[in-house]
Amino acid sequence: MSAVSAVHLEKASASTVEAPTRETETQGEEELDLPWQVVVHNDPVNLMTYVTMVFQRVFGYPREKAERHMLEVHHKGRSILWSGVRERAEFYVQQLHGHLLLATLEKVV
Amino acid sequence: MEICRQGDALQISDLDPFLAELLRQIPQSTNPDGAPAAEERLFSRPSGEKEICAEWKSYVEPELRGLFRTASETVAADLTQLNGNEKSLRNRTLRIPVEHADAWLNTLNQARLVIATKYNFSDEELNDHDRSPIGSRRDLSLFQVNFYGFLQEFILRELSGQAGCEPD
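Since the structure is predicted, the reported quantities are computational estimates derived from the model, not experimental observations.

### A short note on the packing of helix H4 (residues 50-79) of chain B against helix H5 (residues 101-119) of chain B
Residue and element names in this part refer to chain B. Packing of H4 against H5 brings their axes to within 8 Å, and their N-to-C directions diverge by 105 degrees. Taken together, the axes of H4 and H5 lie roughly perpendicular to each other. Only Ala-103, Trp-104, Asn-106, Thr-107 and Gln-110 of H5 make contact with H4, whose side of the interface consists of Phe-68, Ala-71, Ser-72, Thr-74 and Val-75. Grouping the amino acids of the contact of H4 with H5 by side-chain chemistry returns five nonpolar, five polar and no charged.

### Some thoughts on the interface of chain B and chain A
In this assembly, 21 residues from chain B lie in contact with 19 residues from chain A. Taken together, the elements giving at least two residues each to the side of chain B that touches chain A come down to H4, H5, helix H6 (123-126) and helix H7 (137-159) of chain B. Looking at which element gives the most residues to the side of chain B that touches chain A, the answer is H5(B), with six residues. Within the side of chain B that touches chain A, the residues separate by chemical class into eleven nonpolar, seven polar and three charged.

### Here we look at the environment of B:Leu64
Looking at where B:Leu64 falls in the secondary structure, it is placed in helix H4. B:Leu64 sits 39 residues away from B:Ala103 along the chain, and the two C-alpha atoms are 13 Å apart. Excluding anything up to four places from it in sequence, B:Leu64 contacts A:His97, A:Gly98 and B:Phe43.

### Examining the confidence of the model for chain B
Detail in the predicted coordinates should be disregarded across regions flagged by low pLDDT. Confidence along chain B averages 90 in pLDDT terms, with 92% of residues attaining 70 or more. Averaged pLDDT values over the elements of chain B bottom out at 86 in H6(B) and peak at 98 in helix H2 (residues 26-29) of chain B.

### Section: unusual backbone geometry
Residue and element names in this part refer to chain B. Phi is positive for Asp-14, close to 55 degrees, though the residue is something other than glycine. Turning to its location among the elements, Asp-14 is positioned in strand S2 (residues 9-15). For Asp-14, a count of 12 C-beta atoms within 10 Å translates into the label exposed. One non-glycine residue, Asn-120, adopts positive backbone phi at about 50 degrees.

### Side note on H7(B)
Under the 1.5 Å per step criterion, the end-to-end length of H7(B) is 33 Å for 23 residues, consistent within 8% with the ideal 33 Å. All of the buried residues along H7(B) are B:Leu142, B:Gln144, B:Val145, B:Asn146, B:Phe147, B:Tyr148, B:Gly149, B:Leu151, B:Gln152 and B:Ile155. Along its buried surface, H7(B) packs onto helix H2 (48-59) of chain A together with S2, helix H1 (17-24), H2, H5 and H6 of chain B. At the C-terminal side of H7(B), B:Gly161 shows a positive phi close to 70 degrees.

Conventions and cut-offs
- Residues numbered from 1 in each chain as written.
- Chains lettered and ligands numbered in written order.
- Predicted model: local features only at pLDDT ≥ 70, side-chain atom pairs only at ≥ 80, totals over all residues.
- Axes fitted to C-alpha atoms, helices over the stretch in contact; angles between N-to-C directions.
- Helix = DSSP H or I, 4+ residues; strand = E, 2+ residues; numbered from the N terminus.
- Parallel < 35°, antiparallel > 145°, perpendicular 65-115°, else oblique.
- Contact = placed C-beta atoms within 7 Å.
- Nonpolar A, V, L, I, M, F, W, Y, C, P; charged D, E, K, R; others polar.
- pLDDT = per-residue confidence, 0-100.
- Buried ≥ 20, exposed ≤ 12 C-beta atoms within 10 Å, placed from the backbone.
- Expected span 1.5 Å × (residues − 1).

Following this line, the structure appears as structure tokens:
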């Protein structure tokens, strides 16, 4: 991600960066054997503020959680944004691609 | 150049001819033709699994192309305000309706990604905001990427209600 606004954001968020987080939707028993995850990968062009906004819009995350995932993408190269059934994961990846983020659908191993 | 929000529009005023020309180049800058890497970046693979990728290419990619095209056409329509020769562009004002903000964010992102991929800019270059646009086509393109990024930041700030204009 571009660091156009990275410095201020990182300073502001440094104390809140935690271990990698994985968002899991509450699911029925029949869905639990269909583990897919939505992964967002780092991109040097997309602005950090833009990525945060996309996470808020697509997943409905509050700003702090969206920023945490954004920083995880920035520092670790990827972040698992969501996991659950394949159809829903495909929907999220399509939404992310619509915002031009690098996102993939992966089977949980 | 001054940039602020006026009512239900984002306003870019006191545009000099150079920046006005960069704005006019936004729609055409989204075109990845002749640069397969840029095309691949706009329509990146959704998975490592062939079956998913094949389905994606058939059903999702056309939708994404339509989405990107519609956004670009919206921006192009707004930019007709800047039509004219260089002299007439002096101190011109561009008004972007707030409801077009998403189309602008998307199109600016398309343009930034295509340009950056075509020139294969390094992280260091992308973070060098002080480089002069005068020197080479590469320097100009880097300036273009950063200028479009600045516009994105402004639009994002306005959408989140973090900025405002002085009243007239």
